[in-house]
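# Structure assessment
The primary structure of each chain is shown beneath.
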Amino acid sequence: MQIFDTLNHYFSFGFVRYALIAGVLIALCSSLLGVTLVLKRFSFIGDGLSHVAFGAMAIAAVLSITNNMLVILPITVISAVLLLMGGENRKIKGDASVAMISVGSLAIGYLLMNIFSKSANISGDVCSTLFGSTSILTLSIFDVWLCVILSVVVVAVFILFYNKIFAVTFDEGFARATGIKASAYNLLIAVIIAVIIVLAMNLVGSLLISALVIFPALSAMRVFKNFRSVTICSAVFSVVCSVLGIMISVLFGTPVGSTIVAVDIVGFLLFYLIGAIKK
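Residues numbered from 1 in each chain as written. Predicted model: local features only at pLDDT ≥ 70, side-chain atom pairs only at ≥ 80, totals over all residues. Heavy atoms only, no water.

## Re the overall build of the chain
Check the secondary structure of the chain and you find 13 helices and 0 strands. Ordered by position in the sequence, the α and β elements of the chain form the string α-α-α-α-α-α-α-α-α-α-α-α-α. Within the span of the chain, comprising 279 residues, buried residues form 46% of the whole. Across the chain, every contact between residues at least 6 apart in sequence was considered, and the portion connecting residues at least 24 apart equals 74%. For the chain, the exposed area adds up to about 13,700 Å²; of that, 71% sits on carbon and sulfur atoms. (Helix = DSSP H or I, 4+ residues; strand = E, 2+ residues; numbered from the N terminus. Buried < 20%, exposed > 50% of the residue type's maximum accessible area, 1.4 Å probe, protein only. Contact = heavy atoms within 4.5 Å. Areas by Shrake-Rupley, 256 points an atom, 1.4 Å probe, with all protein chains shown as cover.)

## A short note on the state of the cysteines
Counted according to the given criterion, the structure contains 0 disulfides. Its sulfur unpaired, Cys-147 is 7.1 Å from the next cysteine sulfur, which belongs to Cys-29. Relative accessible area serves as the criterion here: at 5%, Cys-147 is assigned to the buried category. (Disulfide = S-S within 2.5 Å.)

## Focus: the packing of helix H12 (residues 227-252) against helix H13 (residues 256-278)
How two helices sit against one another is set out by the angle between their axes and by the gap between those axes. The geometry of H12 relative to H13 is characterised by a closest axis approach of 8 Å and an angle of 135 degrees between their N-to-C directions. Judged by the inter-axis angle, H12 sits oblique to H13. In the packing of H12 onto H13, the handedness of the crossing is right-handed. Facing H12, whose interface residues are Cys-233, Phe-237, Cys-241, Ser-242, Leu-244, Gly-245, Ile-246, Ile-248 and Ser-249, H13 presents Val-256, Thr-259, Ile-260, Val-263, Asp-264, Gly-267, Phe-268 and Phe-271. Per-class residue counts for the contact of H12 with H13 are 11 nonpolar, 5 polar and 1 charged. (Axes fitted to C-alpha atoms, helices over the stretch in contact; angles between N-to-C directions. Parallel < 35°, antiparallel > 145°, perpendicular 65-115°, else oblique. Left-handed = near helix turned anticlockwise from the far one by under 90°. Nonpolar A, V, L, I, M, F, W, Y, C, P; charged D, E, K, R; others polar.)

This is how it looks when you write it as structure tokens:
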């Protein structure tokens, strides 16, 4: 068929294969922690950290740092810690601290890009950063290896501390009573999410990152009720949607990030219908 011939032609190029590898790994990591974030009502943290990552990327661009990961990753991780501390501080509630850090980072990032930008197409640069554009198709071999290494770390940490994350997710008070250091594991979750946010910026852009975290988890919850089943289904759902989104984007020339999110939405509607039929 012509579609398969076209796909075979495109996948003969290295940059398309790099995009597919990175897309699958990012989707997998996002879905694993997505279930925990949704159940703990931490979904807004992903959105807040994505804005922080945008501000960090602007700083890296102003300082002419070639490898912007060296700036984005530490700043986003530090912000994740601050957001968690803000959520536990009675003087500054969790949602208020997220609003302060995320909106402030977004505004400062855009301001810096306008004042110090050396590019003639500021609007294009901002749009590409916010919505992903085709940046996933310009990944270098270094970016792919960095994505592989960080993804392996995220998956290993999730599997290693699965029982503790499960306990903290469902009943934090009971987990504390049994001796589990809930604050430490909440901090671990926040740091992992920060890493995932940084990885996902190249795939869907800073404004659409939350979709990779939320849609797979919510879709799986329409059909399954067991935590492990939901997590596995969420991972499979996210990877399949990511692959389909990248293929559609390559075939029809649509923005990668927006296409993946659109496929996620269609998948969510399908799972919602399946859940309604099961009931």
